[in-house]
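# Results of the structural survey
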Amino acid sequence: MTSNDRQGIPAAPGASHGAVPDPALLRGLTRRRFDRRDLLRLTGAAGSAALLAACGVKGEAGDSAQAADVAGYWAGKAKAGTLDFANWPLYMDVGSSDAEHPSLDLFTQETGIKVTYREVVQENESFFAQIRPGLAENQPVGYDLMVLTNGITLSRVIQLGYLAPLDHKRLPTFAANADPSVKDPAYDPGNQFTVAWQSGITGIAYDPEKTGREITSFADLMDPAFAGKVGMFGENQELPNLALLGIGVAPADSAPEDWRRAADKLIEQRDAGIVRKYYDQSYIDSLAGGDLWISMAWSGDVYQQLAAGTKLKFVVPEEGGLIWTDSMCIPRTAAHPVDALTYMDFVYRPDVAGMLAEYINYITPVPAARDHVSPELAESTLLFPTRAEFDRVHRFRVLTTEEETEWNKIFQPVYQS
């Protein structure tokens, strides 16, 4: 396993040691921002990747990811002066109004490329379902650039040959400034089809006044002392992958026998009455309200709760946590791919990455952006983890279609029964 198969991030600043919360986090989170992950609660689409994988579209041929014919794809393509960009809501810097995006304005000013920016990616699977028929028919889908999360859906899009192979000769800024953690990821070796937009983390959140002790391990989620007060995610990526770490297996190295052992552990937890419920993002409301004492959690949710004055803590369990990355990619049928590739490289400029980081407050893929953010934010390990901290968290297991079928059969009964 290469170093890029295991990537990590620290626990939230002050989360595991009782310190004062990072002032940069409090500054950025004094009002409840509608997080990109909030969309899971609204769509009700968690776990739909399995349905999409099972329901093919006419013209698709399974695991048919093409060899990256970079020269052939880009031959004859030129800048068009326009870019149609599909992203998640509230995932871009804003100006005096939510409709103003200073970094996009700067891009247009410097390149002459006008951007039509649409916040239309409500959830990975549902967005793919919308564009999949057009991609299968080799037709433009209305977007030149889109942001998808690593995992089952992105793997399927790559396997089906729906993404343009990236010409890295046109991505010198990415090569110069990208953090090693987002270069050559296991889900896209060599960054053939994607480059990172932002990243985030999955670990454990808890209320120390309720648990009566510090939480450090995945085993704490299995403790009968917390029966009926434990929350777990009700979906088919983060739940299984964290459970694999809990039994001491790196997801990237796991095999079906490991999956069955991890599922057995989750079933044991469920049948013992330890799990209160399998949650979407509503877990954070139950945790803050006291119905839960301890739960799988997204770090951003806990940061927001800290800003609201709660005493919740967030920790990466000693067995390891999960890191997810939202990546930019270009549909193979894009009408303006050169413009999309130009933008991909543009956001790896430290000054531009800093503009984005100041608003988004996720892990930036550009360490040098630290010199272009406020002093408080520059000190935050939320945005700028150390190299040692990048060894603590793992990527999701990359699945082939055949593996995905078996994975679903093993894990879906855990939270759907």
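An account of the accompanying structure is given in this report. (Residues numbered from 1 in each chain as written. Predicted model: local features only at pLDDT ≥ 70, side-chain atom pairs only at ≥ 80, totals over all residues. Heavy atoms only, no water.)

A count of helical and extended segments in the protein chain gives 17 helices and 10 strands. Burial analysis of the protein chain (417 residues in total) assigns 59% to the buried set. Taking all contacts inside the protein chain whose residues are at least 6 apart in sequence as the whole, residues at least 24 apart take part in 80%. Split by element, the accessible area of the protein chain, about 15600 Å² in all, is 52% carbon and sulfur. (Helix = DSSP H or I, 4+ residues; strand = E, 2+ residues; numbered from the N terminus. Buried < 20%, exposed > 50% of the residue type's maximum accessible area, 1.4 Å probe, protein only. Contact = heavy atoms within 4.5 Å. Areas by Shrake-Rupley, 256 points an atom, 1.4 Å probe, with all protein chains shown as cover.)

A separate point is helix H5 (residues 102–111). Ser 103, Leu 104, Leu 106, Phe 107 and Thr 111 are the residues of H5 that are buried. Buried residues of H5 fall within an arc of 155 degrees about the axis and therefore sit on the same side. At its buried positions, H5 is contacted by strand S1 (82–87), strand S2 (114–119), helix H14 (337–346) and helix H15 (350–360). Of the residues flanking the end of H5, it is Gly 112, one or two places downstream, whose phi is positive at about 80 degrees. (Arc of directions from axis to C-beta.)

What follows concerns the packing of aromatic side chains. Here the structure, examined in full by the defined rule, presents 19 aromatic pairs. Both rings, one in Tyr 91 and one in Tyr 362, keep their centres 5.9 Å apart while their planes meet at 90 degrees; by these two values the pair is edge-to-face. One end of the pair, Tyr 91, is in the loop between S1 and H5; the other, Tyr 362, is in the loop between H15 and helix H16 (375–378), with 271 residues separating them in the sequence. Taken individually, Tyr 91 and Tyr 362 each receive the classification buried, so the pair is uniform in this respect. Taken together, a centroid distance of 6.3 Å and an interplanar angle of 75 degrees make the contact between Tyr 283 and Trp 298 edge-to-face. Here Trp 298 lies in strand S7 (residues 294–298) and Tyr 283 lies in helix H12 (residues 283–289), a separation of 15 residues in the sequence. (Phe/Tyr/Trp six-rings, centres within 6.5 Å; stacked < 30°, edge-to-face > 60°.)

Applying the stated rule across the entire model yields seven cavities of 30 Å³ or more. In terms of lining, the second largest cavity is formed by Asn 150, Gly 151, Ile 152, Ser 155, Arg 156, Gln 159, Tyr 187, Phe 396, Arg 397, Val 398, Leu 399 and Glu 404. Residue classes in the lining of the second largest cavity are distributed as five nonpolar, four polar and three charged. (1 Å grid on protein atoms, 1.4 Å probe; cavity = no way out; pocket = protein on both sides within 12 Å on 5 of 7 lines; lining within 4 Å. Points joined across faces, edges and corners; volume = space filled by probe spheres on them. Nonpolar A, V, L, I, M, F, W, Y, C, P; charged D, E, K, R; others polar.)

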